[in-house]
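Residues per chain are reported as follows:
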Amino acid sequence: MVDEPDRLLPIANVGRIMKQILPPSAKISKEAKQTMQDCATEFISFVTGEASDKCHKENRKTVNGDDICWALGALGLDNYAEAIVRYLHKYREAEREKASSRNKATCRSSPEKDEKSSEDKSGQPPQQTEAPTARLAS
Amino acid sequence: MRQAGAYSGILCGGISGRTGPHLLPLARIKKIMKKSGDDVKMISGEAPIVFSKACELFIEELTQRSWLVTMQGKRRTLNKEDVTSAVLATDIFDFLVNLVSET
């Protein structure tokens, strides 16, 4: 039935999500997983289509996270829309934090290449010239 | 000290196709999005990440509804007909009616 497995979400991943929500003793038939694969793939296409229409009408080329949130609401999937708005917000916050910590790392990169040079008396021990990002991670 | 936040996987994995904290592969999601229509030309980096979560919620809900049907039948194996019944019984899943009726 499935000639192009690439056109669907992977059955192993779909099966895992199904299993996680069911009681431990529950079993899932292979056909049920395949049906869920089809449904979840269709879900993506359906919502993307709606989001893409909106972008097209607004003369925008790129479908973004907000468009998907909007499309979920427009298609009657309001409870998903609300959850995804929150998720997107957290994701964007995490991205901002990542970007700002990267900026701090580049600012702090020590100019001390020569251990003997003592012009910059910042008080930092010489071994910290090697990996400023590693220092942040500790 | 680095604390592993909810999105630490995102920070390491990016959207290179690795799953990170996501349960579904982002590259595959992007492929499906592109195939959904000729209009879909460009997709922002966050879109597949958003869909990964949305699909997870969708699969969870449909699975739970299907399982109710399984239990009504006093069975412990969720089968394809249970999924079909759940789709038919849920208004917001009307877009799937043709899909589940085809097979």
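Use the structure listed above.
What you are looking at is a predicted structure, and each value in this text was computed from that prediction instead of being measured.

Below, the discussion takes up unusual backbone geometry. Residue and element names in this part refer to chain A. The phi torsion at N59 lies on the positive side, around 55°, for a residue other than glycine. Topologically, N59 is positioned in the loop between α2 (30–57) and β2 (62–63). Here N59 falls in the exposed class, since its relative accessible area comes to 71%.

Under the counting rule described, the total for this entry stands at 7 aromatic pairs over all chains. The interplanar angle of 75° and the centroid separation of 5.3 Å between the aromatic rings of B:F58 and B:F93 together place this pair among those described as edge-to-face. Remark: B:F93 occurs in the loop between α4 (80–89) and α5 (97–102) and B:F58 occurs in helix α3 (residues 46–72); sequence separation between them is 35 residues. For B:F58, a relative accessible area of 0% translates into the label buried. Look at B:F58 and B:F95: their rings are 6.5 Å apart centre to centre, the planes differ by 40°, and that puts the pair in the tilted class. Taken together, the positions of B:F58 in helix α3 and B:F95 in the loop between α4 and α5 put the pair 37 residues apart, joining distant regions of the chain. On the accessibility criterion, B:F95 (15% relative accessible area) is buried. In this arrangement the basic side chain of A:K54 is found over the ring face of A:W70, its NZ or CZ atom lying 5.2 Å from the centre.

Calculation criteria
- Residues numbered from 1 in each chain as written.
- Chains lettered and ligands numbered in written order.
- Predicted model: local features only at pLDDT ≥ 70, side-chain atom pairs only at ≥ 80, totals over all residues.
- Heavy atoms only, no water.
- Helix = DSSP H or I, 4+ residues; strand = E, 2+ residues; numbered from the N terminus.
- Buried < 20%, exposed > 50% of the residue type's maximum accessible area, 1.4 Å probe, protein only.
- Phe/Tyr/Trp six-rings, centres within 6.5 Å; stacked < 30°, edge-to-face > 60°.
- Lys NZ or Arg CZ within 6 Å of the ring centre and 35° of its normal.

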